[in-house]
Amino acid sequence: MLPRDTLKAIGDFLRRAAGAERGEAVAVQRLPGDTAREHWLLRADLSGGPYAGRHHLVLRGEADDGTHLGSAAEMAIRSAVFQAGVTTPEPLWVEESGAVIGRPFLILRHAGGEADPARIQADLSEEQGDRLAFRLGQELARLHRIAMDQAPEALAFLPRRGADWIAQRVQIARGILDSVAEPQPCFEWALNWLADHAPDVAQPVLSHRDFRSGKFVVDGDNLVGILDLEQVGWGDPMEDLGSFCARCWRHGLPAREAGGIGSREAFYDGYKDVSGQAVDDRRVRFWEIAAAFRSGLHALQLRARSAATAEQALRDLLAGLRKDEAEYDMLLDIERYEAEKSS
Amino acid sequence: MTADQRSLLTASPADLIDASRDVLRTRLAAALTEEGDKALAQMALRALAVARAELTADPAIAARELAEIEALLGRDFAGDALAARRALAAEIRARRIPSDAASAVRLRDHLLNAAAHRLRLSNPKYMTRRQRRAESSY
């Protein structure tokens with residue numbers, strides 16, 4: 001649990017940020033699921049001011065590994081996404097100095113619900129799954145309304161997508177391949193193919209870039225919120241759809257092509273319902289192959305990293321085996337992609 | 001020394017793994033009450049199953065994989081499969097594999113054969129879930 005002094009400091013921060021007369025915070029529990037940062041569920045009682053009353057909030061501590069977005073940048077992204085109408089936990093305040101708890105943090109409204117893909121799947125009938133897939137398609141379309149060329153000033157820090165983005169991604173991927181001990185001919189071959197077939201992106205939009213089951217919370221078949229926006233950047237809107245439909249993220253229900261949740265048709269229909277534009281299925285299929293590549297690359301990294309405990313070592317080694325699934329998926333899906341081109 | 005101990009000492013690595021898996025599954029895992037511990041036991045059982053599959057894999061498969069790479073690159077790697085895969089990866093990255101249709105098909109077939117072989121060891125159920133082409137001679 002958080003020390004009493006820390007909770008007092010958080011309560012004082014909330015009072016100031018909310019313009020309240022009094023503020024008190026109680027730590028309910030530490031939330032699981034993110035190894036890079038601390039998440040605490042707080043119960044806050046505020047007196048006076050526009051936020052008077054009891055609130056359930058999440059304190060999201062900034063990661064200190066230097067590879068994640070800072071809290072101020074994340075606040076800007078979350079605010080832009082929330083204001084675009086995406087269902088996501090409302091970002092309330094940011095503490096940038098680190099003076100309150102020893103590191104910067106964000107305060108978000110708590111979005112209760114279930115995020116575990118297997119549990120979500122277990123509770124969904126086919127009809128409910130399609131309904132949720134439709135809704136998720138709508139949410140992505142709302143996110144993609146934020147175009148790079150008309151971006152709010154607050155997002156100016158996001159790297160603009162230039163003509164060399166393919167070369168940049170190839171360089172990053174090759175760096176990862178070079179960091180693992182065993183040579184990976186299949187990944188080298190797939191990376192060449194991806195670089196050769198990457199679509200032109202005429203109008204980059206704000207993309208989640210890690211959109212898959214596990215990245216949203218639901219209550220039954222109702223969407224409560226889209227999570228994990230720290231990888232957001234400018235990209236091809238179809239990349240998010242491809243990531244969600246990729247076989248590697250269907251969590252044991254491959255027939256439900258949209259994230260193991262619902263049908264591809266329902267998901268596409270939801271996207272079209274908000275965007276007004278038909279989904280480019282072929283482009284989505286390309287990004288599904290790219291998602292398999294990314295998941296395989298991640299598996300290789302897990303297999304190669306040093307684990308702190310025997311339990312974590314076992315988890316990493318088993319997760320590393322998913323590299324074999326990724327290779328198989330890439331090879332068969334590329335074959336199908338090319339067969340469809342020539343037919 | 002009991003008869004059971006004698007049989008263990010003369011057992012193959014696969015037999016030792018099988019005996020360990022049986023004990024883990026029927027005695028140890030069955031006694032666990034915490035969901036997290038049960039999940040961990042299942043993970044350990046799966047790891048042992050993969051190790052057993054690797055141990056008992058047909059050595060001719062690895063030899064065929066090496067022969068395919070040697071044919072693709074036109075080089076003899078003197079039985080060093082790791083060196084062969086490293087050379088293949090480097091040639092692909094440098095795009096030095098001939099790009100004519102026949103070479104492309106041979107390379108893709110090799111990659112698919114190798115991937116299918118590894119997947120049969122690490123997650124055979126995954127393969128059966130996918131609609132497959134009759135791709136692999138392995």
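For clarity, every value in this text was computed on a predicted model and none was experimentally measured.

## Brief notes about the packing of helix α9 (residues 281-304) of chain A against helix α11 (residues 322-342) of chain A
Residue and element names in this part refer to chain A.
So, point 1. At a minimum axis separation of 8 Å, α9 and α11 run at an interaxial angle of 160 degrees. When the axis of α9 is compared with that of α11, the two are roughly antiparallel. Here α9 and α11 pass one another in a crossing that is left-handed. Here α9 contributes Arg 285, Phe 286, Glu 288, Ile 289, Ala 292, Phe 293, Ser 295, Gly 296, Ala 299, Leu 300 and Arg 303 to the contact with α11, which in turn contributes Arg 322, Lys 323, Ala 326, Glu 327, Asp 329, Met 330, Asp 333, Ile 334 and Tyr 337.

## Let's talk about the sheet that holds strand β3 (residues 53-61) of chain A
All names here are of chain A.
So, point 1. Reading across the sheet, the five strands line up as β1-β2-β3-β5-β4 and stay open at both edges, with antiparallel pairing between neighbours. Pairing within the sheet leaves two strands with one partner each, and these edge strands are β1 (22-30) and β4 (91-95). Within the sheet, the average angular offset between the axes of one strand and its neighbour, ignoring direction, is 30 degrees.
So, point 2. With four bridges joining them, β4 and strand β5 (residues 105-109) adopt antiparallel strand pairing. Of the residues in β5, the one forming a bridge with Glu 95 is Phe 105.
So, point 3. Against the sheet, helix α1 (residues 4-18) contacts β1, β2 (39-47), β3 and β4, and its axis sits at roughly 125 degrees relative to β1.
So, point 4. Against the sheet, helix α2 (residues 71-83) engages β4 and β5, with an angle of about 165 degrees to β4.

## Notes on the domain arrangement of chain A
So, point 1. As far as domains go, chain A holds domain 1 (4-109) and domain 2 (117-342).
So, point 2. Computed from C-alpha coordinates alone, the two centres of domain 1 of chain A and domain 2 of chain A are separated by 28 Å.

What counts, and at which threshold
Residues numbered from 1 in each chain as written. Chains lettered and ligands numbered in written order. Predicted model: local features only at pLDDT ≥ 70, side-chain atom pairs only at ≥ 80, totals over all residues. Axes fitted to C-alpha atoms, helices over the stretch in contact; angles between N-to-C directions. Helix = DSSP H or I, 4+ residues; strand = E, 2+ residues; numbered from the N terminus. Parallel < 35°, antiparallel > 145°, perpendicular 65-115°, else oblique. Left-handed = near helix turned anticlockwise from the far one by under 90°. Contact = placed C-beta atoms within 7 Å. Pairing = 2+ DSSP bridges. Domains from an automatic or database assignment.

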